[in-house]
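Read off the chains here:
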Amino acid sequence: MNVISVIGGTGNLGLPVAKQFLTDGFKVRIITRDKQSARSRLGDEFDFREADLMDIDSLRGALKGSHGVYINASGYSKNSYYENHVLGTRNILEALEGEQVECIGMISTASAYPEFSDRWDNKYKLEAEQLLRASGLPYLVFMPSWFMETLPRFRQKNKLIHIGPSNRPIHWLNAADYALIVSRAFQNSECRNRRLPIYGPEGISMRQAMLRFADHHQLKVKRLPSWLATFLGRLSRDEELVDVADLMQHYDRTGEKFVPDVTRTTTTFDNWLRTSSLG
Ligand SMILES: NC(=O)c1ccc[n+]([C@@H]2O[C@H](COP(=O)([O-])OP(=O)(O)OC[C@H]3O[C@@H](n4cnc5c(N)ncnc54)[C@H](OP(=O)(O)O)[C@@H]3O)[C@@H](O)[C@H]2O)c1
């Protein structure tokens, strides 16, 4: 495998994976909707190609000659989850017809199980995974728990907004450890056609993680009950806020699934905190 294309490689969690592939000696293409902006932000180390998940021709051109494809798609509403995960994956697979792809991988979530598919994100990630499986291409589905790098996204000025209660334990992992696992899995030709749940070393609730992050960066924590976050999100037509509140409520109901056979990352919360920034 020589050329790996990272779709969504400009994303919060796509970029660390793209960087790790580069460190590990691959030629890395970042597939983005705006290559000029991506290049000015990320420099010249990558080969930037422009494509949109909704445009098969653009995907065909951008992905031509890729030996590996890693998909870092996201969303914030029922519609965007459906478009980016299901339609996006379908289009990528159509664009790859005739290509010699040795491995196609996607970021999913630790909650991608049928019993949790009352949440649209989980449901459509599962559907995307089924499309990969049905394609006949060697595939990998990465199922990480929560990323520590998510915490700064809850900051508003000098406050951290804690939507909750969210007091169930979460096995937090960091993006660098995750990226290493993804790259190693792509390089191991015996690791194919698998779902890989990936958990961090310790179970810490969102509430505890927020308090520790806030304390470290001298922020205040403002509590926002998830029902109120939903109400405010609907009132202001903020789909992202409604989705985050739904995610918190879902997690409060289900918690993290106990899975006996997970890949464990090693960076502890305290170790990550020491090098963390406010984003
Ligand atoms: N945060 C967590 O703790 C956590 C835990 C488990 C799983 N995950 C999953 O991780 C995934 C990725 O998250 P993230 O934070 O990296 O997302 P993100 O920062 O929003 O990145 C999404 C990427 O998708 C690209 N994109 C969006 N629409 C596109 C389109 N129509 N065509 C082509 N590219 C498009 C964007 O690229 P351009 O704008 O450059 O085109 C961007 O690079 C999500 O599915 C999330 O559920 C997150």
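Calculation notes
Residues numbered from 1 in each chain as written. Predicted model: local features only at pLDDT ≥ 70, side-chain atom pairs only at ≥ 80, totals over all residues. Heavy atoms only, no water. Near = heavy atom within 4 Å. Polar contact = N/O pair within 3.5 Å; in protein donor to acceptor, adjacent residues only side chain to side chain. Pairing = 2+ DSSP bridges. Helix = DSSP H or I, 4+ residues; strand = E, 2+ residues; numbered from the N terminus. Contact = heavy atoms within 4.5 Å. Axes fitted to C-alpha atoms, helices over the stretch in contact; angles between N-to-C directions. Salt bridge = Lys/Arg side-chain N within 4 Å of Asp/Glu carboxyl O. Buried < 20%, exposed > 50% of the residue type's maximum accessible area, 1.4 Å probe, protein only. Parallel < 35°, antiparallel > 145°, perpendicular 65-115°, else oblique. Left-handed = near helix turned anticlockwise from the far one by under 90°. UniProt positions renumbered as here; feature names shortened; annotations may be inferred.

Q: Sorry, what's going on with the site of the ligand here?
A: Near the ligand you find 25 residues, and of these Thr-10, Thr-32, Arg-33, Ala-73 and Lys-125 are the closest. Between Arg-33 and the ligand, the recorded distance is 2.8 Å, taken from a side-chain N or O atom to an oxygen atom. Within the backbone of Leu-53, a nitrogen or oxygen atom sits 2.8 Å from a nitrogen atom of the ligand.

Q: How should I be thinking about the sheet that holds strand S5 (residues 103–107) in this particular structure?
A: Within a sheet, neighbouring strands are paired by backbone hydrogen bonds and run either parallel or antiparallel to one another. Taken in spatial order, the eight strands make up an open sheet running S3-S2-S1-S4-S5-S6-S10-S13, and their pairing is parallel. Lying at the two open borders of the sheet, with one neighbouring strand each, are strand S3 (47–50) and strand S13 (263–264). Both strand S10 (residues 194–199) and S13 contribute to a ladder of two bridges, which runs parallel. Looking at S13, one finds that Tyr-199 is bridged to Arg-264. Where helix H1 (residues 14–23) meets the sheet, it contacts strand S1 (3–7), strand S2 (27–32) and strand S4 (68–71), and its direction lies at approximately 160° from that of S2. Contacts from helix H5 (residues 120–135) reach S5, strand S6 (139–144) and S10 within the one sheet, and its direction differs from that of S5 by about 175°.

Q: Explain the pattern of salt bridges here, please?
A: Any two side chains of opposite charge can pair, so long as their charged atoms come close to each other. Considering all chains together, one arrives at 15 salt bridges under this definition. The salt bridge involving Arg-253 is made with Asp-118; its shortest N-O contact spans 3.3 Å. Remark: Asp-118 occurs in the loop between S5 and H5 and Arg-253 occurs in helix H9 (residues 239–254); sequence separation between them is 135 residues. Where Asp-121 meets Arg-119, a salt bridge forms, and the shortest distance between an N and an O atom there is 4.0 Å. Given a relative accessible area of 3%, Arg-119 falls into the buried group. Through salt bridges with shared partners, a single network forms among Arg-119, Asp-121, Lys-125, Asp-243 and Asp-246.

Q: Just checking my understanding: could you explain H1 for this structure?
A: An α-helix turns once every 3.6 residues. As a result, residues three or four positions apart point the same way. Within the sequence span of H1, burial applies to Gly-14, Leu-15, Val-17, Ala-18, Gln-20 and Phe-21. For H1, the secondary structure elements touched by its buried residues are S1, S2, helix H2 (35–42), S4 and helix H6 (175–187). Downstream of H1 by a residue or two, Gly-25 has a phi angle that is positive, lying close to 95°.

Q: Please explain the packing of helix H8 (residues 226–235) against H9 as it appears in this structure.
A: The description of two helices packed together rests on the angle between their axes and the distance between the axes. Closest axis-to-axis distance for the H8/H9 pair is 8 Å, and the angle between their directions is 160°. When the axes of H8 and H9 are compared, the pair comes out roughly antiparallel. Crossing handedness for the pair H8 and H9: left-handed. Contacts between H8 and H9 involve Ser-226, Trp-227, Ala-229, Thr-230, Leu-232, Gly-233 and Arg-234 from the former and Leu-241, Val-242, Ala-245 and Gln-249 from the latter.

Q: Please clarify how the UniProt feature "domain: NAD(P)-binding" (unreviewed entry) in the protein should be interpreted in this entry.
A: As recorded in UniProt, the feature "domain: NAD(P)-binding" (unreviewed entry) lies at residues 8–150. The span residues 8–150 is 42% helix and 17% strand, and its two end C-alpha atoms sit 17 Å from each other.

Q: Hey, could you run me through the sheet that holds strand S12 (residues 220–225) in this one?
A: Overall, mixed pairing links the three strands, which are arranged S7-S8-S12 in an open sheet. Across the chains shown, the open sheet's two edge strands, defined by having one partner strand only, are strand S7 (155–156) and S12. Pairing geometry for S7 and strand S8 (residues 159–164), over two bridges, is antiparallel. The partner of Arg-155 across the bridge, within S8, is Leu-160. Its contacts with the sheet place helix H7 (residues 206–216) against S8 and S12, and it is angled at close to 175° to S8. Sitting on the sheet, H8 is in contact with S8 and S12, with an inclination near 80° to S12.

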